[in-house]
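Listed below are the residues making up each chain.
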There are 2 protein chains.
Amino acid sequence: MPKTIEVKQSVFADNNALAEKNRSLLDQHGIVALNVMASPGAGKTTLILATAEALALRLRCGVIEGDVAGDLDARRVEAAGFSAVQINTGGSCHLRAGMVERALSELPLPELDLLFIENVGNLVCPAGVRLGEHLCVVISSTPEGDDKPTKYPAAFRGADAVIVSKWDVAQYVGFDMGRYESALRRISSAVPLFRLSAKTGEGMQEWLDWLVARVQEL
Amino acid sequence: MPKTIEVKQSVFADNNALAEKNRSLLDQHGIVALNVMASPGAGKTTLILATAEALALRLRCGVIEGDVAGDLDARRVEAAGFSAVQINTGGSCHLRAGMVERALSELPLPELDLLFIENVGNLVCPAGVRLGEHLCVVISSTPEGDDKPTKYPAAFRGADAVIVSKWDVAQYVGFDMGRYESALRRISSAVPLFRLSAKTGEGMQEWLDWLVARVQEL
């Protein structure tokens, strides 16, 4: 059973200082952390698992799962053989550094190289709330439509990489990659953009190559 | 061009009192208002437009569009021939009653029977924030997966109706209606549940019949 952390309001003090503290702890252990942000149901857990599995021979991966309620995602990650901690935010709409601090204390840090922090499904509130991560990755799935960067600019503005997920169903949902990319470029002219399907594997290699290169740099 | 309202923080005082005031104003004009909540890209605007068009001979519909940024949705609604006001929340993750109060002052209330209030795309924060609406409708689209009621219980707990949208792509995204329904029933045992595709029209009639019956009751 994955560990579940119930969050009390008193944990919410001084987010940025705690984020710095988390970052120092991660650096001390040589762990690179990714803050993964997306709408509900964009495929965050599926992509994290596919990435961790593809990199398993090169990098030891762990996952912090943030959800308003339940531990469905942490169970799924643990079942795949990776270290996982579930954070239940108890209604809060995004993770905060204090929640991640507690989750880090439950993880076997000396045994990890790469840590995915899956934020609460929400394209508004997690933007700009630092957790101590090295990289912010925003996923938006093709069924959500090609206008998401225009409607939720803050999340995209702060991203180190943007991933268009569920590429395998793009044709069924009328997703237009040209429109998406031009909307994204008005928000962020240079952010790396990947399109992929974690289900079929299409496009995964470019994302994995980029991620491994960043982990080696950091 | 649809009207766009830029929200200042000072509007945020005493939400419930303002919601009551909105409700009185709506009642005075015999307007039934729906608060429509969903994740980003669940198809809120598409369903609102399909509903307004299907009911056009029986009910005069207007729309308040809530977005963090942009007026894409209000332009789309106006282009279809309906009265629309865009609220830009300026970063805020949900509508509040004060924002709706200002939007109501921009709408031709004597000419409306049914008002859709499309909340910001967010399955967490709008829950429980009253706007003066008569009915709360939660949409969750098949590509988001069949676990949404478990992960975002507050939104579903307060719903007067739940709609599973994008039914036309259910088969491509592995959506299991049985799993969804049993997750929903653990949160709300009796809420009316509709599955439909606003694109193909499948399932629309049941939703329209329910909505018209509620409008006649109210």
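Structural data are supplied above this passage.
Residues numbered from 1 in each chain as written. Chains lettered and ligands numbered in written order. Predicted model: local features only at pLDDT ≥ 70, side-chain atom pairs only at ≥ 80, totals over all residues. Heavy atoms only, no water.

> Could you give an account of the packing of helix H2 (residues 44-54) of chain B against helix H9 (residues 204-217) of chain B, naming the residues involved and the relevant values?
Residue and element names in this part refer to chain B. For the pair H2 and H9, interaxial distance at closest approach is 11 Å and the crossing angle is 70 degrees. As the angle between them shows, H2 and H9 are arranged roughly perpendicular. Where H2 crosses over H9, the handedness of that crossing is right-handed. Across the interface between the two elements, Leu 47, Ala 50, Thr 51 and Ala 54 of H2 pack against Met 204, Trp 207, Leu 208 and Leu 211 of H9. Classifying every residue of the contact of H2 with H9 gives seven nonpolar, one polar and no charged. (Axes fitted to C-alpha atoms, helices over the stretch in contact; angles between N-to-C directions. Helix = DSSP H or I, 4+ residues; strand = E, 2+ residues; numbered from the N terminus. Parallel < 35°, antiparallel > 145°, perpendicular 65-115°, else oblique. Left-handed = near helix turned anticlockwise from the far one by under 90°. Contact = heavy atoms within 4.5 Å. Nonpolar A, V, L, I, M, F, W, Y, C, P; charged D, E, K, R; others polar.)

> So what's going on with the nonpolar core? Residues and values would help.
Within soluble globular proteins, side chains that are nonpolar tend to cluster in buried spots. Of all hydrophobic cores here, the largest spans 47 residues; its most connected members are Phe 156, Val 162 and Tyr 180 of chain A together with Phe 156, Val 162 and Tyr 180 of chain B. Breaking this core down by element, the ones donating at least two residues are strand S6 (135-141), helix H6 (153-157), strand S7 (161-165) and helix H8 (177-187) of chain A together with strand S6 (135-141), helix H6 (153-157), strand S7 (161-165) and helix H8 (177-187) of chain B. Setting aside chain neighbours within four positions, we find Val 162 of chain A in contact with Val 138, Phe 156, Tyr 180, Leu 184, Val 191, Pro 192, Leu 193 and Phe 194 of chain A. (Core = buried A, V, L, I, M, F, W, Y, C linked by side-chain atoms within 4.5 Å. Buried < 20%, exposed > 50% of the residue type's maximum accessible area, 1.4 Å probe, protein only.)

> Residues and numbers for the interface of chain A and chain B, please.
Of the residues lining the interface, 29 residues belong to chain A; the matching set on chain B comes to 29 residues. For the pair chain A and chain B, the summed buried surface comes to about 2300 Å²; carbon and sulfur atoms form 64% of the total. Of all residues in chain A, the largest losses of buried area upon contact with chain B belong to Pro 40, Lys 151 and Tyr 172 of chain A, amounting jointly to 25% of the total for that side. Run the count over chain A and chain B and you get two salt bridges. (Buried area = accessible area lost by both parts, 1.4 Å probe. Salt bridge = Lys/Arg side-chain N within 4 Å of Asp/Glu carboxyl O.)

> Lay out the pattern of salt bridges in plain terms, naming residues and giving numbers.
For the coordinates displayed, the defined rule picks out 24 salt bridges over all chains. Salt-bridge contacts for Arg 179 of chain B lead to Asp 146 of chain B; the nearest nitrogen and oxygen are separated by 3.5 Å. With Arg 179 of chain B in helix H8 and Asp 146 of chain B in the loop between S6 and helix H5 (148-151), this residue pair connects regions lying 33 residues apart in the sequence. For Asp 168 of chain B, the salt bridge goes to Lys 199 of chain B, with nearest N and O atoms at 4.0 Å. Placement of the pair is Asp 168 of chain B in the loop between S7 and helix H7 (170-173) and Lys 199 of chain B in the loop between strand S8 (193-195) and H9, with a sequence separation of 31 residues. Members of the salt-bridge network, linked through shared partners, are Asp 73 of chain A together with Asp 147, Lys 148 and Lys 151 of chain B.

> Pulling in residues and values, what's your account of the relation of the copies chain A and chain B?
Overlaying chain A with chain B gives an RMSD of 0.0 Å, the required rotation being 180 degrees about an axis along which the chain moves by 0.0 Å. Considering both components of the superposition, the chain copies are consistent with a two-fold axis. When you check the interface residues of chain A against chain B, 100% turn up at the interface there too, and the contact is symmetric in its surfaces. (Least-squares fit on C-alpha atoms with pLDDT ≥ 70 in both.)

> Lay out helix H3 (residues 72-79) of chain B in plain terms, naming residues and giving numbers.
Restricting attention to buried positions, one finds in H3 of chain B the residues Asp 73, Ala 74 and Val 77 of chain B. Projected down its long axis, H3 of chain B shows its buried positions confined to an angular sector of 95 degrees, all on one face. Buried residues belonging to H3 of chain B abut helix H5 (148-151) of chain A together with H2, strand S3 (61-67), strand S4 (83-88) and strand S5 (114-118) of chain B. Count one or two residues on from H3 of chain B and you reach Gly 81 of chain B, which has phi positive near 100 degrees. (Arc of directions from axis to C-beta.)

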